[in-house]
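# Coordinate inspection notes
This is what each chain is made of:
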Amino acid sequence: MKLMALPNKILNCGEIQLDLSQPHVMGILNVTPDSFSDGGRHNGKDQAVGHALDMIAEGATVIDVGGESTRPGASAVSVEEEIHRVVPVVEELVKHNVVISIDTSQPEVIRAAVKAGAHIWNDVRALTKPNALATAAELNIPIIIMHMRGEPTTMNNLDQYEHVIEDVIKELQQRVDDALNAGVKAENIMIDPGFGFAKNAQQNLKLLQQFHELNSMGYPILSALSRKRFIGEALGGADAQHRAVGSVAAHLISIQQGACMVRAHDVKATVDAIRVWQALQTA
Ligand code: YH5
């Protein structure tokens, strides 16, 4: 069997260096009120931090903290509210040896989070908000540039592709070029094809099948398909809580094609799958 090696690159996250020649698991930490078991009636900080520590113990090397819901139909959240949700959690997590990424599109949010100790900017809008490009260049931190069309509210009508992988690469390259022209360093860029964002189920499958073509862009690749709808559809209509095994399988297929980081809810199962893949690499 053909085993693809991951890039011999290091992602510089301040005091922590991530060796991208081995796969990393980024654990998803939602800090939106609806993600807490009490529906946000109490301070959700302790619950969020506890969940992050569990994921670190399970082998996550990155924690992705998100205070904005990008689900279609979710209500908009102010910059102040997003900062209020994210920063207290970052202040706790910096005490632990983990890389912290922030799932935000707002320059003011990433600025406040980086001041509190966060390391990576994970932007599903790929630096398209006002001042995002200049802020990314100034902060000089790793940036995850994801492919999407439109906004989470409009993206479902924007899934017309000639050839999905080629179009995604072309459009991602445009966002990468804008970042480079604004002064973002190439060594700080990671790319992500944006599973589920302006793609239908068939297109998401095609994207996973041809994922390896993203390597031609020359940047480290993140794969993020945890529990997404197309996984449920491939399982014959499984709801989100029953998509863990399918997500692990799909993430491993992306690693086999060159992904050096996967963004997952189910960290333990994902790490176990990666360990088996790693055992094969050295056999
Ligand atoms: C991503 O792809 N996605 S938030 C719908 C679901 C399950 C999960 C139940 N942030 C990405 O995770 N950051 C989000 O169906 C992201 N790449 C990067 N880099 C959406 C999400 C989700 C949505």
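The structure contained in this document is the topic of the report that follows. The model shown is predicted, which means the values in this text are computed figures rather than measured ones.

## Re the packing of aromatic side chains
The geometry of an aromatic ring pair comes down to the distance between the two centres and the angle between the two planes. All told, the structure shown has two aromatic pairs when counted by the stated rule. Aromatic side chains phenylalanine 195 and phenylalanine 211 sit 6.2 Å apart centroid to centroid with 5 degrees between the ring planes, which places their arrangement in the stacked category. Of this pair, phenylalanine 195 sits in the loop between strand S8 (189-192) and helix H6 (201-209) while phenylalanine 211 sits in the loop between H6 and strand S9 (221-223), and the two are 16 residues apart along the sequence. Here phenylalanine 195 matches phenylalanine 211 in class, with each residue buried. Plain terms: the ring middles of phenylalanine 195 and phenylalanine 230 are 5.7 Å apart, the flat faces sit at 15 degrees to each other, and that makes the pair stacked. With phenylalanine 195 in the loop between S8 and H6 and phenylalanine 230 in helix H7 (residues 229-234), this residue pair connects regions lying 35 residues apart in the sequence.

## Some words on the site of the ligand
Around the ligand there are 15 residues in total, and Asp103, Asn122, Asp192, Lys228 and Arg263 lie nearest to it. One nitrogen or oxygen atom from the main chain of alanine 224 is found 3.4 Å from an oxygen atom belonging to the ligand. Calculation on the ligand without its partners gives an accessible area of 520 Å², and the protein chains cover 84% of this total. For the shell around the ligand, the residue count by class is six nonpolar, three polar and six charged.

## Observations regarding the packing of helix H2 (residues 79-93) against helix H3 (residues 107-115)
Between H2 and H3, the least distance of the axes is 9 Å, while the angle of their chain directions is 20 degrees. Taken together, the axes of H2 and H3 lie roughly parallel to each other. As H2 packs across H3, the resulting crossing turns out to be right-handed. Contacts between H2 and H3 pair Val79, Glu82, Ile83, Val86, Val87 and Val90 from the former with Glu108, Val109, Ala112 and Ala113 from the latter. Here the contact of H2 with H3 is built from residues that sort into eight nonpolar, no polar and two charged.

## Notes on the side chain of arginine 175
The topology assignment puts arginine 175 in helix H5 (residues 164-181). When near neighbours in sequence (up to four residues on either side) are disregarded, arginine 175 contacts Ala126, Leu127, Thr128 and Ile145.

## Considering the pattern of salt bridges
Following the criterion strictly, the structure yields 13 salt bridges and no others. Across the salt bridge formed by aspartate 266 and arginine 227, the nearest N and O atoms sit 2.9 Å from each other. Separated by 39 residues along the polypeptide, aspartate 266 in the loop between strand S10 (259-264) and helix H9 (267-281) and arginine 227 in the loop between S9 and H7 bring together distant segments of the chain. Owing to a relative accessible area of 18%, aspartate 266 belongs among the buried residues under this scheme. Salt-bridge contacts for aspartate 272 lead to lysine 268; the nearest nitrogen and oxygen are separated by 3.1 Å. Taken as a pair, aspartate 272 and lysine 268 lie in helix H9 at a separation of four residues, close to a single helical turn. Take aspartate 272: its relative accessible area is 34%, and that puts it in the partly exposed class.

## Some remarks on helix H1 (residues 45-57)
Here H1 spans 18 Å end to end across 13 residues, near enough to the 18 Å set by a 1.5 Å rise per residue. Within H1 the residues assigned to the buried category are Ala48, Val49, Ala52 and Met55. Taken end-on, H1 shows its buried residues confined to a sector of 120 degrees, consistent with a single buried face. Turned more than 90 degrees from where H1 packs its buried face, Asp46 and Ala57 sit exposed. The inward-facing, buried residues of H1 contact strand S3 (24-30), strand S4 (62-66), H2 and H9. Immediately beyond the C-terminal end of H1, within one or two residues, lies glycine 59, with a positive phi of roughly 115 degrees.

Calculation criteria
Residues numbered from 1 in each chain as written. Predicted model: local features only at pLDDT ≥ 70, side-chain atom pairs only at ≥ 80, totals over all residues. Heavy atoms only, no water. Phe/Tyr/Trp six-rings, centres within 6.5 Å; stacked < 30°, edge-to-face > 60°. Helix = DSSP H or I, 4+ residues; strand = E, 2+ residues; numbered from the N terminus. Buried < 20%, exposed > 50% of the residue type's maximum accessible area, 1.4 Å probe, protein only. Near = heavy atom within 4 Å. Polar contact = N/O pair within 3.5 Å; in protein donor to acceptor, adjacent residues only side chain to side chain. Areas by Shrake-Rupley, 256 points an atom, 1.4 Å probe, with all protein chains shown as cover. Nonpolar A, V, L, I, M, F, W, Y, C, P; charged D, E, K, R; others polar. Axes fitted to C-alpha atoms, helices over the stretch in contact; angles between N-to-C directions. Parallel < 35°, antiparallel > 145°, perpendicular 65-115°, else oblique. Left-handed = near helix turned anticlockwise from the far one by under 90°. Contact = heavy atoms within 4.5 Å. Salt bridge = Lys/Arg side-chain N within 4 Å of Asp/Glu carboxyl O. Expected span 1.5 Å × (residues − 1). Arc of directions from axis to C-beta.

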